[in-house]
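Listed below, chain by chain, are the residues.
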Amino acid sequence: MFRDLGRAIPVEMADVSGESVIDTRGLSKDYGSGRGLFGLDLQVARGEVFGFLGPNGAGKSTTMRLLLDLIRPTSGAARVLELDTRRDSVEIRRRVGFLPGDLALYPKLTGRAVLDYLARLRGGVNLRVRDSLIDRFEADLDRPVRQLSTGNRQKLGLIQAFMHEPELLILDEPIAGLDPLVQRSFHALLGEVSAQGRTVFLSSHTLSEVERVTDRLAILREGRLVVVDSLENLRKVAVQRLEIEFAEPVAGDEFRKIPVVKEVRANGRILTIGFEGSADAVVKAAAGHEVRAIRPREDDLEDIFLRYYGEVAE
Amino acid sequence: MSWPTTRITLRLRLPGTLWTAVGLVAVLAVVGALFPAVGHTIGKLNVPTSVANLLGGADYGTITGWFRSEIAVIYGPLVIAALAITGATAVTAGEEEDRILALVVAHPIRRSRLVAAKAAAIALIVLIVACAVWIGLIVGVAAGGGGISLAHITALAVQLAMFGLAAGSLALAIGACTGNRSLANGLAGGIVILGWLVNSFAPLVGTIDWLKYLTLFYYYADHDPLSRGVDVLGIAVLGVVALALTSVALAGFERRDLRA
């Protein structure tokens, strides 16, 4: 978690009423047949690590491509670093680090040649910063890109995105293909970046990755924003769970009849009961049996995510 | 212009180009060496007019006609056009379809400057191939016993370079405006080959003779640079076409969505 990494800006300071590094108003890109992005209103504050969640095809990459002027909106507008994404796109790209999803690099070039080219193309890259990133990620620079694993290619993508110390990082599925050790390095790097007051806007469909690093997150589904909130607030509205260990196996049906109970899972003498609101009725029903232990189970982000999806689907 | 982009494009395409150049010099040397043995015999054949036109309508019995028919009219322009078209397509639509451009275009550079840098690299590739033809012709003509002046050999190489630039800019425009590799290769290649056929056959049918003026081939070869030297008008037309199509490529790539 970021708190473990000494991050300087706590969740509470991520106030969207302050300067918005990303500000979209009715941003839409209609590809037809219901595909695309529709009416996105989103503000990301300076210093935030903002998670952009959704399944494949939800519109995450489309949003990022619109912010960088790789594609143009059907309607609406966006500002990045208080600049217009259409008129000031070159200046925006100078101050932004971007990692595209499905990163592709010149297959015949070595990692070193790719990074050299991208550094020259960008200009103003501090080679010491680049070299420290190379050391941190232990990137393989001497083999042609086509011989590199997905993870090693992704390392090159991360290095080029961070090497000019951008004010804003737009990272599309940044952890794809990275092994756990490299993921840890990446998370530490995000912590340092955030502590410096720089902003990170990252997408993922792997929920546990976002849960570990973000201050706030948005959930996108079929091109539309479902929710934007802090992880803390999302947890408050999530289904709560109690894991109750009984002396003898207990039938779950007894608990399913309780109005606030949403789900019951049985595993031998242990029942995991998901409910909304007060736990009173659940605890009273459990008291009718010999209870060995009651353990609260914190929802993970996946539960929150699926819950919002369920609501929209309904 | 983005010099890093020009340099990296050259770095990626130069090895193949240099091998092609070496091959071209070798082929031209061999073609020249064959002339003393077979040129006079072939020159006595009665070839139908349509076939003769396809081969440039030249007299095989002279070394100028031999090289015009063997190299200047078919082999040279098709090789240089193929290299220019595939190269221009690869660095625009090809890189876009391979998703490489998604990262490159996200850098702080105008798209038009990026395309201009790639166009410059492809132009240099074309010039290298034209130089190889020039060297090969010098070697080949010497091997064939001489008979074509250095000025006329240079004229052919210059016309060929301009033809390659025009053909490459056609592919550049299609590739940059559509991002479709197959379309850029197919359409540009088709237009060049159709131009060769039209330029060869249209003069045989009086009513459509004017169609030849619409082909790149006419401005490249109709003047017969090996016999008559540089065709300033032809070079000017090919140059204007190349510049116009490159401008279309720059504007087209600037204005459209990058393909996913």
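Scroll up to find the structure this text is about.
This write-up is about the structure you can find in this document. Given the structure is predicted, the values throughout are model-derived calculations rather than measurements. Throughout, a residue's number is its position along its own chain's written sequence, starting from 1. Starting at A for chains and at 1 for ligands, labels are handed out in the order in which the entities are written. A pLDDT threshold of at least 70 governs which residues receive local features in this predicted model, and a stricter bar of 80 or more applies before side-chain atom pairs are shown or counted, although totals over entire chains, interfaces and linings include all residues.

1. Section: the packing of helix α4 (residues 127-137) of chain A against helix α5 (residues 150-162) of chain A
Residue and element names in this part refer to chain A. Heads up, the rule is: As a rule, the C-alpha atoms of each element are fitted with a line to give its axis, helices using only the stretch in contact, and angles between N-to-C directions run from 0 to 180 degrees. Helix and strand labels come from DSSP, where a helix needs a run of H or I of at least four residues and a strand needs a run of E of at least two; each type is numbered from the N terminus. Comment on the angle field: the value is read as roughly parallel under 35 degrees, roughly antiparallel over 145, roughly perpendicular from 65 to 115, and oblique elsewhere. By definition, any crossing whose near helix is turned counterclockwise from its far helix by less than a right angle is left-handed, and any crossing with a clockwise turn is right-handed. By definition, residues are in contact whenever their C-beta atoms, placed on the basis of the backbone, come within 7 Å of each other. Following the grouping adopted for this structure description, the nonpolar residues are Ala, Val, Leu, Ile, Met, Phe, Trp, Tyr, Cys and Pro, the charged ones are Asp, Glu, Lys and Arg, and the polar ones are all others, Gly among them.
Closest axis-to-axis distance for the α4/α5 pair is 9 Å, and the angle between their directions is 150°. By the criterion of interaxial angle, the relationship of α4 to α5 is roughly antiparallel. Read as a crossing pair, α4 and α5 show a hand that is right-handed. Facing Arg130, Leu133, Ile134 and Phe137 of α4, the residues of α5 in contact are Lys155, Leu158, Ile159 and Phe162. A class-by-class count of the residues in the contact of α4 with α5 yields six nonpolar, no polar and two charged.

2. Structural notes on the interface of chain B and chain A
Between chain B and chain A, the residue contacts involve 18 residues of the former and 20 residues of the latter. Only α1 (3-43) and α4 (101-104) of chain B provide two or more residues apiece to the side of chain B that touches chain A. With four residues, α1 of chain B is the single largest residue contributor to the side of chain B that touches chain A. Here the residues of the side of chain B that touches chain A are counted per class, giving eleven nonpolar, three polar and four charged.

3. What about the sheet that holds strand β11 (residues 240-246) of chain A?
Hydrogen bonds along the backbone pair up the strands of a sheet, which may run parallel or antiparallel. Residues and elements named next belong to chain A. Rules: In this scheme, strands are said to pair when DSSP sees at least two bridges between them.
Pairing is antiparallel in the open sheet, where four strands are placed in the order β12-β13-β11-β14. Strand pairing shows two members of the sheet lacking a second neighbour, β12 (261-267) and β14 (291-297), which therefore form its edges. The average undirected angle you get between the axes of adjacent strands in this sheet is 20°. Bridge count between β11 and β14: six bridges; the pairing is antiparallel. Each bridged residue has a counterpart across the sheet, and for Phe246 the counterpart in β14 is Val291.

4. Points about the environment of Gly54 of chain A
Residue and element names in this part refer to chain A. Here Gly54 is to be found in the loop between β3 (49-53) and α1 (60-67). Along the backbone, Gly54 and Ser203 are 149 residues apart, and their C-alpha atoms lie at a distance of 8.0 Å. Ignoring sequence-local partners within four residues, the contact set of Gly54 consists of Gly59, Lys60, His205, Ile219, Leu220 and Arg221.

5. Considering the packing of helix α5 (residues 111-143) of chain B against helix α6 (residues 150-178) of chain B
The angle between the axes and the distance between the axes are what describe a pair of packed helices. Residues and elements named next belong to chain B. Axis separation between α5 and α6 bottoms out at 9 Å; the angle between their running directions is 150°. Compared by their axis directions, α5 and α6 come out roughly antiparallel. Relative to α6, α5 is oriented so that their crossing is right-handed. Residue classes in the contact of α5 with α6 are distributed as 21 nonpolar, three polar and no charged.

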